[in-house]
Amino acid sequence: MRLLVAAPRGFCAGVDRAIEIVEESLKKFGAPVYVRHEIVHNKHVVNGLVAKGAIFVEELDECPNDRPVIFSAHGVAKVVFGKAKERKMNYIDATCPLVTKVHLEAKRYHEMGIQLVMIGHKNHPETVGTMGQLPPGEVLLVENTADVLNIRPKDEKKLAFITQTTLSVDDTSEIAAALKERFPNIMAPHKEDICYATTNRQNAVKCISPLIDALLVVGSVNSSNSKRLVEVGKKAGCKYAQLIDTVKDIDWRAISGSKIIGLTAGASAPDILINGVIQEFKTKFKAEIEFVEITKENVSFKIPREVRN
């Protein structure tokens, strides 16, 4: 059996930064440090930070005023910052800089009197945070091409669209095309909103999918970019694709007849989980491991000044 390991895979710069912010905050302020929402969408990462003294909550109401609170990498609505300031809380923003870029883009369009359409998943924390940068009704959400037909903007000649950063590149292109067909004057992002890590991981999966019998994607079920990798693999020609949290979740019966297996991981999945799958294939099948690198990533983001040592 051969195991084709796609690269890039696993942690992106925004995830690295968010985890480092929590770890450095614990060192600087001591435990506990509160985190509003999962810092990134991975159970293994969250549990590891809990063991170090982080407490994860869903709302600020669950946090005391005298302990630091960190906002997750997905970003938060403007009202959350307002509540934190009102309570004079020590808050640290771990929003991925590429998500912040979309927030700033949304505010810029709003100041120009342009209504926004957001391509994203309803109730995903990133979508909620981005839409929450502007007053209610100023951002219309579309999840698919059918939604494009149902939205009713205030002025069809004053429209622009933005996207969630972790979507399927191909699906987003289809929705963007539908928007441009219905609203010929709609403005597109100056630079694609889908982040480099999502694009690179999807391209790597597209590259290996025609060569493999099955694809395993390491990532949590609530990770948008991980779920998209499963979909991309199937669309690119892989007959079977499974999302797994850890090696224990692999459906061995489903892949029993496979000769070539593909392996990748979402942007919030740590190396320890990926290496666990590789080791299991070596032990179980004496599998030949082949790394398929599509592109190199050398992106890094600084952590906020208030938590730097």
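Calculation rules
- Residues numbered from 1 in each chain as written.
- Predicted model: local features only at pLDDT ≥ 70, side-chain atom pairs only at ≥ 80, totals over all residues.
- Heavy atoms only, no water.
- Disulfide = S-S within 2.5 Å.
- Pairing = 2+ DSSP bridges.
- Helix = DSSP H or I, 4+ residues; strand = E, 2+ residues; numbered from the N terminus.
- Axes fitted to C-alpha atoms, helices over the stretch in contact; angles between N-to-C directions.
- Contact = heavy atoms within 4.5 Å.
- Phe/Tyr/Trp six-rings, centres within 6.5 Å; stacked < 30°, edge-to-face > 60°.
- Buried < 20%, exposed > 50% of the residue type's maximum accessible area, 1.4 Å probe, protein only.

A. Focus on the state of the cysteines. Under the counting rule described, the total for this entry stands at zero disulfides. The cysteine C207 is free of any disulfide, with C238 supplying the nearest cysteine sulfur at 13 Å.

B. Representation of the sheet that holds strand β8 (residues 159–163) within the structure. Read from one edge of the open sheet, three strands run β7-β6-β8, paired in parallel fashion. Of all strands in the sheet, those with a lone pairing partner are β7 (139–142) and β8, marking the two edges. The mean inter-strand angle of the sheet, taken between neighbouring strand axes irrespective of direction, is 30°. Where strand β6 (residues 115–119) lies against β7, four bridges are found, and the strand directions are parallel. Looking at the pairing, M118 lines up with L141 of β7. Contacts between helix α4 (residues 97–111) and the sheet are confined to β6 and β8, with β8 contributing the most and set at about 170° to the helix. Along the sheet, helix α7 (residues 169–182) contacts β6, β7 and β8; its crossing angle with β6, the most-contacted strand, is approximately 150°.

C. Layout of the packing of aromatic side chains. Inspection of the entire model under this criterion finds six aromatic pairs. Plain terms: the ring middles of F71 and F81 are 5.2 Å apart, the flat faces sit at 85° to each other, and that makes the pair edge-to-face. With F71 in strand β4 (residues 69–71) and F81 in helix α3 (residues 78–86), the pair connects residues that are ten residues apart, well separated along the chain. Side by side, F71 and F81 carry an identical accessibility label, which is buried. When the ring of W252 is compared with that of F285, the centres are 5.8 Å apart and the planes differ by 50°; the resulting orientation is tilted. In this pair, W252 sits in the loop between β10 (240–244) and β11 (260–265) while F285 sits in helix α10 (residues 271–285), placing the two residues 33 residues apart along the sequence. You can call W252 partly exposed: its relative accessible area is 23%.

None of this, on its own, says anything about what the molecule does.
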